[in-house]
Amino acid sequence: MGWGLIRLYAIAVYAFMFLPVAVVVLLSFNANQFGSFPMTGLSLRWFEALWNNDAVMRAFRTSLVLGLMTAVISTTLGVLASLALVRYDVPGKNLITTALIAPILVPEVVLAVALLLFLNWLGIGKSFALLLAGHVIFTLPFVILVVQARLVSIRRDVEEAALSLGASPVQTFFSVTLPLLMPAVAAGALFAFTISFDDITGTLFWKPGGVETVPTQIFSMLRNSISPEINALGTVMILLTVGLPLLGAAIARSLSTKRGR
Amino acid sequence: MAAVTLSNIVKRFGTFTAVQKMSLDIPEGSFCTLLGPSGCGKTTTLRMVAGLLDPTEGDISINGRRVNDIPIHKRNLGIVFQNYALFPHRTVAQNVGFGLKYRPVDRAEAQRRVMQALELVQLPHLADRYPSELSGGQQQRIALARAVVVEPDVLLLDEPLSALDANLREDMRVELKNIQKRLGVTSIFVTHDQSEALAMSDQIIVMSEGRVEQVGPPEEVYNTPASEFVARFLGAANILEARVTDRQGDELALDVPGFARVVIPRARAPKLGDASAAKLVIRAEKLKLMPADSRDDTAIMIPAQVEAVDYQGQAARYFLRVGDHALQAINMIDVAPFAAGDSVILRLLPRDCAALPVT
Ligand SMILES: Nc1ncnc2c1ncn2[C@@H]1O[C@H](COP(=O)(O)OP(=O)(O)O)[C@@H](O)[C@H]1O
Ligand SMILES: [Mg+2]
């Protein structure tokens, strides 16, 4: 009887979480001209409308470029920072780690306002570079956490073996450390991309006028009317932010089983 | 010529001194073992030779060249680690061939040398496997192949056998020694296991608390320990307070009150000098237990009581009492071991004893 109740409760929680999502996905295929029930038939017309909506497509491209650049920069910085923190004796290690992880702990609004005020104080206006910098700061902790955890588990003597065999420190990094770190690097990059692609709070503060990302575009579309296009856009977002990490995990798994690890 | 020379090496970690004023010559082509209890500075010493640690003071030379300022990847070494340290993302052949990529060796030659190295360790059929698909013993052999394929000036081995189980360890130690001999590569081996050191080494360097206690071939270190520490560390030894009662020619008479008077060759007491007090060292294997009515005029015979017996299969360790002295003996078991409470005779040959100065 206890278990039955727990099961019921679990189902209710999942329904609460996923039903709205399911509704959005379902309605995005609705042929009806209003974005609501009843469904009058299946159609891709709202996806087509999206495709032909210049503002949405521009926002999509912005988000994609922003996400990719954030992923690349954040992952590079995150790997370098993790290496320094794990492999070398940096003075003030704990302080630096805390500072790098802090953006996760600080509420996003506070972080967003702080960065904006700071740049105002420096006399630097809003720009795409600022937006990118904000996203990097915000995603860096995730990359560092993932990469550091993996780096700690890579035995130092494997790198020492490479060095002893004649590989320079840089060659050792690229031929031994990085390949072993790859699953974490890929996971970190995916994290950074999805978080950036998904972000709205910081983006609203940081984006220069006239630039929209997909989330801010949805936000402004919602202020005018509830168009069924938004359902379609939501579906695309879900596909990307859920599908990409799943794909990444699947690739990582197939790579590691091939090596018999 | 010495292949590796350490002169006055000191290594400090903060205020802690891990290696103190160490000087050593490792002869070309020899198999030298750093032996000592855990924490005595063996790994630290080896890592300084490797270039993984910088000495605080002193110089290290390899083949006559001072290497203090030469980074590890330019020292042309082979290192075998305790936990194998194979590259998990590379096949066995890629692991073994790794060092050749950084040397002027063309592909065909590299392939030939990899196969040769794999044949040396008798695992050519595993070339395409990944390390995780190998047993511990196989992994360590691959690690050895990877280290020797580059024809290193010095091969460094840090407790390479201690992660293996007991039976395999003994097989591997014979095999490792054979391979070293065949290649003639100068090797520095680190272990805390005295039987490993005795079985494999040309020279043993016994270390304690960052210092060299004694350097010598296995028989010498075993039979003529230079200090009480060495005597106790290499197997069980009885150490008794003695007085020097006479010195004549090559012989030395020692009296252990309540035990025996022993005349030993002076060569067995090289450190004693003119002192009148000494410590008599008798290895536990050299005290032979005999039935209480035994007689032998060529040896010293001492009546004793068996207090306890530790049965070890083909041998037994006896805890004995002679007057005030508590002694240990390890004897092979002939028919049946003596039992606790038995009265026995201890048979001792003077040439099996050694003497140390009192410190
Ligand atoms: N990086 C280090 N920092 C501080 N102390 C160290 C370091 N490495 C080794 N030690 C100390 O130096 C001593 C010798 O260590 P080690 O050479 O590893 O001993 P062994 O290999 O003989 O067991 C030990 O007391 C150890 O705690
Ligand atoms: Mg050690």
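## A word on the overall build of chain A
Moving on, step 1. Regarding its fold elements, chain A presents 11 helices and 0 strands.
Moving on, step 2. Reading the secondary structure of chain A in the N-to-C direction produces α-α-α-α-α-α-α-α-α-α-α.
Moving on, step 3. When its C-alpha atoms are laid out on the principal axes, chain A stretches across 70 × 60 × 40 Å.
Moving on, step 4. Counting all 261 residues of chain A, 39% fall into the buried class.

## Concerning the confidence of the model for chain B
Moving on, step 1. Looking at chain B, the pLDDT average stands at 92 and 100% of residues meet or exceed 70.
Moving on, step 2. Across the whole predicted complex the pTM is 0.84, and at the interface the ipTM reaches 0.86.

## Quick look at the interface of chain A and chain B
Moving on, step 1. In this assembly, 22 residues from chain A lie in contact with 23 residues from chain B.
Moving on, step 2. Of the roughly 2,000 Å² buried at the junction of chain A and chain B (both faces included), carbon and sulfur atoms supply 65%.
Moving on, step 3. On inspection of chain A and its partner chain B, the count reaches 1 salt bridge.
Moving on, step 4. Note that Glu 160 of chain A is salt-bridged to Arg 47 of chain B, the shortest N-O span being 2.7 Å.
Moving on, step 5. Here chain A and chain B share 4 residue pairs in polar contact (both at pLDDT 80 or more) between them.
Moving on, step 6. Where the side of chain A that touches chain B is concerned, the elements lending two or more residues are helix 7 (156–164) and helix 8 (169–198) of chain A.
Moving on, step 7. In terms of residue count, the dominant contributor to the side of chain A that touches chain B is helix 7 of chain A (7 residues).
Moving on, step 8. Residues of the side of chain A that touches chain B, tallied by class, amount to 10 nonpolar, 6 polar and 6 charged.

## What about the site of ligand 1?
Residues and elements named next belong to chain B.
Moving on, step 1. Surveying the vicinity of ligand 1 reveals the residues Phe 13, Phe 16, Ala 18, Pro 37, Ser 38, Gly 39, Cys 40, Gly 41, Lys 42, Thr 43 and Thr 44.
Moving on, step 2. One of the backbone nitrogen or oxygen atoms of Cys 40 is found 3.2 Å away from an oxygen atom of ligand 1.
Moving on, step 3. Lys 42 has a polar backbone atom sitting 2.9 Å from an oxygen atom of ligand 1.
Moving on, step 4. Counting residues per element, the ones that place at least two in the shell around ligand 1 are strand 2 (16–27) and helix 1 (42–50).
Moving on, step 5. Broken down by element, the residue count for the shell around ligand 1 peaks at 3 residues, all from helix 1.

## Observations concerning the sheet that holds strand 5 (residues 65–66) of chain B
All names here are of chain B.
Moving on, step 1. Ordered by their spatial adjacency, 4 strands build an open sheet running 2-1-4-5, and the pairing between neighbours is antiparallel. Of all strands in the sheet, those with a lone pairing partner are strand 2 and strand 5, marking the two edges.
Moving on, step 2. Note: strand 1 (residues 2–13) against strand 2, 8 bridges, orientation antiparallel. For Arg 12, the partnering residue across the bridge sits in strand 2 and is Thr 17.
Moving on, step 3. The sheet strands contacting helix 1 are strand 1, strand 2 and strand 4 (57–62), and the helix crosses strand 1 at an angle near 120°.

## Here we look at the domain arrangement of chain B
Residue and element names in this part refer to chain B.
Moving on, step 1. One can read the domain layout of chain B as domain 1 (2–228) and domain 2 (236–357).
Moving on, step 2. Relative placement of domain 1 and domain 2: their C-alpha centres are 38 Å apart.
Moving on, step 3. The junction of domain 1 with domain 2 conceals about 820 Å² of combined surface from both sides, 52% of it contributed by carbon and sulfur atoms.
Moving on, step 4. At the boundary of domain 1 and domain 2, one finds 1 salt bridge.
Moving on, step 5. Between Glu 228 and Lys 279 there is a salt bridge, with its nearest N and O atoms 2.7 Å apart.
Moving on, step 6. Applying the counting criterion to the domain 1 and domain 2 interface returns 4 residue pairs in polar contact (both at pLDDT 80 or more).
Moving on, step 7. Class assignment of the residues belonging to the side of domain 1 that touches domain 2 gives a composition of 3 nonpolar, 3 polar and 1 charged.

## A short note on the domain arrangement of chain A
Residues and elements named next belong to chain A.
Moving on, step 1. By the assigned domains, chain A splits into domain 1 (1–43) and domain 2 (55–258).
Moving on, step 2. Between domain 1 and domain 2, the C-alpha centre-to-centre distance is 31 Å.
Moving on, step 3. The partner domain 2 presents 6 residues to the 8 residues of domain 1 that form the contact.
Moving on, step 4. Taking both sides of the interface into account, the surface hidden between domain 1 and domain 2 amounts to around 560 Å²; carbon and sulfur atoms contribute 69%.
Moving on, step 5. At the junction of domain 1 and domain 2, the tally comes to 0 salt bridges.
Moving on, step 6. Where domain 1 packs against domain 2, one counts 0 residue pairs in polar contact (both at pLDDT 80 or more).
Moving on, step 7. Here the side of domain 1 that touches domain 2 is composed, by residue class, of 5 nonpolar, 3 polar and no charged.

Rules used throughout
- Residues numbered from 1 in each chain as written.
- Chains lettered and ligands numbered in written order.
- Predicted model: local features only at pLDDT ≥ 70, side-chain atom pairs only at ≥ 80, totals over all residues.
- Heavy atoms only, no water.
- Helix = DSSP H or I, 4+ residues; strand = E, 2+ residues; numbered from the N terminus.
- Buried < 20%, exposed > 50% of the residue type's maximum accessible area, 1.4 Å probe, protein only.
- pLDDT = per-residue confidence, 0-100.
- Contact = heavy atoms within 4.5 Å.
- Buried area = accessible area lost by both parts, 1.4 Å probe.
- Salt bridge = Lys/Arg side-chain N within 4 Å of Asp/Glu carboxyl O.
- Polar contact = N/O pair within 3.5 Å; in protein donor to acceptor, adjacent residues only side chain to side chain.
- Nonpolar A, V, L, I, M, F, W, Y, C, P; charged D, E, K, R; others polar.
- Near = heavy atom within 4 Å.
- Pairing = 2+ DSSP bridges.
- Axes fitted to C-alpha atoms, helices over the stretch in contact; angles between N-to-C directions.
- Domains from an automatic or database assignment.

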